[in-house]
Amino acid sequence: MDQTLADYQNRVDAVEARIAAACERAGRAREDVELVAVSKTFPPEAVRGASECGLAVFGENRVQEAAAKIPLCRGGVAWHLIGHLQRNKARMAAPLFSVFHGIDSERLVRQLDKCCAEVGNRPRILIQVNAVDEASKSGCEPDAAAELVQVAASCSSLDVVGLMTIPPFAADTEAARPHFVALRRLRDHIQDETGVALPELSMGMSADFEIAIEEGATWIRVGSALFGSRRGKTWRPSADELM
Ligand SMILES: *Cc1c(COP(=O)(O)O)cnc(C)c1O
């Protein structure tokens, strides 16, 4: 079912009210928190709807989907890769994004730097830190983050600006808070240790972004609260759009 502009406006307003309330509680300025609207699985029309409601920063988690979608969206918006980047997708991703949130290994840093140099892009990157002890799919170990920051800081086509994490899923959103606190402390520690400025913390999604704001998030990645449920959804360009 198609969504109307009023549907988008209502959701954007509701998310804005939640952000404003969280900033107020935390004694933070609204401008210190940037909303990344996560449009994965939704069509270009959804991006258009949301951008007409004033949103200007969009996040995708799959490079191929983004590569097909971005040319179908109007310009004037920024694109972030919010998910983990596979090394073999670095070349395709290099020209597409202004910010990469999911960078988690030295080989990946070097590969992305090389590909960005080739296309003349100089994106900001965040080092993704694994919030859980057990081996999860992506994110470096907290102990390895400082070294990765240093490697990234030495790259001429990347600008390392902070850390990102995805807490393990939990029904109780408060369970995310210690992970957000840990990321902020790790950031403080790495800044002291390396002297590299890391102003950005990418943390918080639809369910828990208020908690993330209270704990220092500067980028929140919000999908379903803005676009609706992704259950059963995928997006591919239609034959027309590919022509
Ligand atoms: C999908 C996704 C989000 C958005 O999730 P919602 O719960 O829909 O807000 C945020 N971050 C990452 C890395 C994602 O893949």
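The residue numbering used here restarts from 1 in each chain and proceeds along that chain's sequence as written. Side-chain atom pairs in this predicted model are given and counted only at pLDDT of 80 or more, local residue features only at pLDDT of at least 70, and totals for whole chains, interfaces and linings cover all residues. Heavy atoms from the whole structure form the basis of all side-chain values; hydrogens and water molecules are not counted.

J.: Which residues make up unusual backbone geometry, and what values go with them?
T.: The backbone phi angle of T41 is positive, close to 75°, even though this residue is not glycine. Positionally, T41 belongs in the loop between β1 (34-38) and α2 (44-52). Classification of T41 by relative accessible area gives buried; the value is 15%. To qualify as a helix, a DSSP run of H or I must reach at least 4 residues; to qualify as a strand, a run of E must reach at least 2; elements of each kind are numbered from the N terminus. Remark: exposure states derive from per-residue accessible area (1.4 Å probe, protein chains only) relative to the maximum for the residue type, with buried under 20%, exposed over 50%, and partly exposed in between.

J.: Describe the site of the ligand, naming the residues involved and giving the relevant values.
T.: For this purpose, a residue is taken to be near a molecule or strand whenever a single non-hydrogen atom of the residue falls within 4 Å of it. Lining the immediate environment of the ligand, one finds V38, K40, N61, I82, I166, M205, S206, R221, V222, G223, S224 and R230. Nitrogen and oxygen atoms within 3.5 Å of one another constitute a polar contact, given that in protein one can donate a hydrogen and the other can accept it, and given that sequence-neighbouring residues count only through two side-chain atoms. Here K40 contributes a side-chain N or O atom positioned 2.7 Å from an oxygen atom of the ligand. G223 is positioned such that a nitrogen or oxygen atom in its backbone is 2.8 Å from an oxygen atom of the ligand. Here the accessible surface of atoms and residues is derived via Shrake-Rupley with a 1.4 Å probe, and residues count as covered only by protein chains that are part of the display. The fraction of the free accessible surface of the ligand (390 Å²) that becomes covered by protein chains is 89%. A pocket here means an open set of points on a 1 Å grid, computed over the protein atoms alone, that has protein on both sides within 12 Å along at least five of seven lines. A cavity is instead a set of points where a 1.4 Å probe fits but cannot get out; residues with an atom within 4 Å of a point line either one. Here the criterion for a molecule occupying a pocket or cavity is that more than half of its atoms lie within 2 Å of the pocket grid points. In this structure, the ligand is accommodated by the largest pocket. Under this grouping Gly is polar, as are all residues other than the nonpolar Ala, Val, Leu, Ile, Met, Phe, Trp, Tyr, Cys and Pro and the charged Asp, Glu, Lys and Arg. Looking at the shell around the ligand residue by residue, the classes come out as five nonpolar, four polar and three charged.

J.: Before we move on, could you go through the layout of surface pockets and cite the residues and values that matter?
T.: Grid points are joined across faces, edges and corners, and a volume is the space filled by probe spheres set on the points. Empty space within the largest pocket amounts to approximately 970 Å³. Taken together, 39 residues make up the lining of the largest pocket; nearest its centre are K40, I166, P167, M205 and R221. Only α3 (63-69), β3 (78-84) and β8 (219-222) provide two or more residues apiece to the lining of the largest pocket. No other element matches the three residues that β3 contributes to the lining of the largest pocket. Across the lining of the largest pocket, the residue classes break down as 18 nonpolar, 13 polar and eight charged. In this structure, the second largest pocket encloses a volume near 270 Å³.

J.: For α2, give the residues involved together with the corresponding values.
T.: Those residues of α2 that fall on the buried side of the exposure criterion are P44, A46, V47, G49, A50 and S51. Count one or two residues on from α2 and you reach G54, which has phi positive near 105°.

J.: So what about the state of the cysteines? Which residues, and what values?
T.: To count as a disulfide, a pair of cysteine sulfur atoms needs to be within 2.5 Å. All told, the structure shown has zero disulfides when counted by the stated rule. You can see C73 has no disulfide; the closest cysteine sulfur is in C53, sitting 15 Å from it. Overall, C73 belongs to the buried group, its relative accessible area being 11%. In this model C115 remains outside any disulfide bridge; the closest cysteine sulfur is found in C116, 7.0 Å from its own.

J.: Please provide a residue-by-residue account of the packing of aromatic side chains, values included.
T.: Pairs were defined over the aromatic rings of Phe, Tyr and Trp, the Trp ring being its six-membered one, requiring ring centres within 6.5 Å. Orientation was assigned from the angle between planes: stacked under 30 degrees, edge-to-face over 60, tilted for the rest. If you walk through the whole model with that rule in mind, you get four aromatic pairs. Ring geometry for F58 and W79: centres 5.7 Å apart, planes at 40°, overall tilted. Pair noted here: F58 is in strand β2 (residues 57-60) and W79 is in strand β3, with a separation of 21 residues, a long-range link. Under the relative-accessibility criterion, F58 is labelled buried at 0%.

J.: Go over a negative patch on the surface, please, and point to the residues and values.
T.: Residues enter a patch when their relative accessible area is above 30% and they make no salt bridge; the linking distance is 9 Å between like charges and 5 Å between nonpolar side chains (Val, Leu, Ile, Met, Phe, Trp, Tyr). Within this document, salt bridges are pairs made up of a side-chain nitrogen of Lys or Arg and a carboxyl oxygen of Asp or Glu, the two lying within 4 Å of each other. Under the counting rule used here, the positive set is Lys and Arg, the negative set is Asp and Glu, and His together with the chain ends is not counted. Charge placement uses NZ in Lys and CZ in Arg. For Asp and Glu, CG and CD serve respectively. On the surface, a cluster of negative charge is contributed by D2, E45, D240 and E241. In this structure, D2 sits in the segment before α1 (5-26).

J.: Outline the pattern of salt bridges, listing residues and values.
T.: Applying the stated criterion across every chain yields a total of 13 salt bridges. In this structure, R91 and E118 form a salt bridge, with 3.0 Å as the shortest nitrogen-oxygen distance. Taken as a pair, R91 in helix α4 (residues 90-93) and E118 in helix α5 (residues 106-119) lie far apart in primary sequence, 27 residues in all. With its nearest N and O atoms 3.0 Å apart, the salt bridge here joins E214 to R177.

Any functional reading would require information beyond the geometric quantities listed.
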